[in-house]
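Single-letter residue listing:
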Amino acid sequence: MSRHTDYSSLEQIQTTGADAPKPLLTLSDAVALIVGIVIGVGIFQTPALVASQAGSDTAVLLFWLAGGIVSIIGALCYAELATTYPNVGGAYYYLKRAFGQNTAFLFAWARLTVIQTGSIALAAFVFGDYASEIWRLGTFSSSMYAAVIIALLTILNILGLHQGKWTQNLLTAAQVLGLLLVVLFGLASTANSANSAVSPEPSSSGSWGLAMVFVLLSYGGWNEAAYISAEIKNRQRNILRSLMWSIGIITAIYLLINLAFLRGLGLANMANSSAVAADLMRAVWGTPGVVFISLLIAICALGTINASIFTGARTNYALGQDFNLFGFMGSWRQIPSTPATALLVQGAIALALVVLGTFTRKGFETMVDYTAPVFWFFFLLSGISLLILRQKEPHIPRPFRVPFYPITPLLFCAVCGYLLYSSVVYTNVGAVVGVLVVIAGVPLLFWNRYRQGKA
């Protein structure tokens, strides 16, 4: 197969050849990647925000259960796409087949410059904040830690798939074990606000829609399974199984951790907490509990960073395969089985965003604003692509078909549309910068066409 060609048959769906990725990931590797990227730092921040919008303990738990159900609906849609079109480019490839190369290019450009690199920088800032509490490096300590960890994990993944996946497996195991310890401490606690001043009960007239925005923010990331669809063994079975197992594990942990917060702090104190996990551990274990939770948050951030680096480079590789302008990213080193150049480019952009976050300060908030609207816009288009491809390519074999079609994908699209609206409403100037960066890809698209026309 030659590069820079449009694929039109099922036989051409997968990238093939000596420099193509090979199916080396097991089901457990895929689950570790998905769980690691989803259970990041959000679960230590959003529970208090959700509780402030809920009127009861039951409502809090129902919100988090609903988040799992919505994620499963989306995962079923992605399972059909990933098993029908297994490609290292993931959603990039679905968008190319459904909407054409122009839309796919802008999506890959957005992932390269905004979505994935912004997520890496966001999690790196959180790691830097908590690492600085243990050992401060000076005025820009958080940014220095963020830059160092991005560089180190990028190098680790360049060394090979084996190193990247085992690092992720260990980090995910540490995340899950740490969170289960928090759950045990919280459920065993008899504090439940008796040992501290009781805050006013949250209003029962809170926004259910806003609560779901925060919940789904914490569930975000399971869609990264699409980017390993060409590298997972026995993909026709394991793509769906990895998504279902991952979301099941994540939902169970989220329900348990929120039950622990409610038991240990009570709804009122939970809703008014600025650091709910730290407050819980302080209540049940004192200062050592705060140190423990800080280390756990740092580990969770590391898991998110490594998984985001791992999956993000796959889209960059697919972009390099299709467009001359980015052809330097379209090579795959077989011996370590890794897209080395794509990883280097991604790391360099993530480091540039760390600099941006440093000098606008509030790095975490800046990166949230920067990534959210762009992410939800292309997530919506991915859901629509399933509907289009069912009509456009009805004869292609589909190993898995989403149940209750077209209701399921329409529900998924409706949720994405609402989250896109919410992300525009609740974000600030950072969102404008993110959109402008995506628009900056349009001249590059025309320049690529000009170059290919002259070739």
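What comes next is a walk through the structure. (Residues numbered from 1 in each chain as written. Predicted model: local features only at pLDDT ≥ 70, side-chain atom pairs only at ≥ 80, totals over all residues. Heavy atoms only, no water.)

**Describing the overall build of the chain**
Thought 1: Counting its regular elements, the chain contains 17 helices and zero strands.
Thought 2: Sorting the 455 residues of the chain into buried and exposed places 58% on the buried side.
Thought 3: Contacts spanning at least 24 positions in sequence make up 83% of the contacts within the chain whose residues lie at least 6 apart.
Thought 4: Split by element, the accessible area of the chain, about 17,800 Å² in all, is 68% carbon and sulfur. (Helix = DSSP H or I, 4+ residues; strand = E, 2+ residues; numbered from the N terminus. Buried < 20%, exposed > 50% of the residue type's maximum accessible area, 1.4 Å probe, protein only. Contact = heavy atoms within 4.5 Å. Areas by Shrake-Rupley, 256 points an atom, 1.4 Å probe, with all protein chains shown as cover.)

**Let's talk about the environment of L302**
Thought 1: Examined against the element boundaries, L302 turns out to sit in helix α12 (residues 287–322).
Thought 2: Assessed through its relative accessible area of 16%, L302 is described here as buried.
Thought 3: Excluding anything up to four places from it in sequence, L302 contacts F127, I149, L153 and L171.

**A word on the environment of G36**
Thought 1: The topology assignment puts G36 in helix α1 (residues 27–38).
Thought 2: Apart from residues no more than four positions distant in its own chain, G36 is found in contact with Q168, T172, Q175, G303 and T304.

**Brief notes about the pattern of salt bridges**
Thought 1: Per the counting criterion, the structure on display carries eight salt bridges.
Thought 2: For K165, the salt bridge is made with D29, and the minimal N-O distance between the two is 3.1 Å. Placement of the pair is K165 in helix α7 (residues 161–188) and D29 in helix α1, with a sequence separation of 136 residues.
Thought 3: Residues E80 and R390 are paired through a salt bridge, measuring 2.7 Å at the closest nitrogen-oxygen approach. One end of the pair, E80, is in helix α3 (residues 57–84); the other, R390, is in helix α14 (residues 363–392), with 310 residues separating them in the sequence. A single burial state applies to E80 and to R390, both of which are buried. (Salt bridge = Lys/Arg side-chain N within 4 Å of Asp/Glu carboxyl O.)

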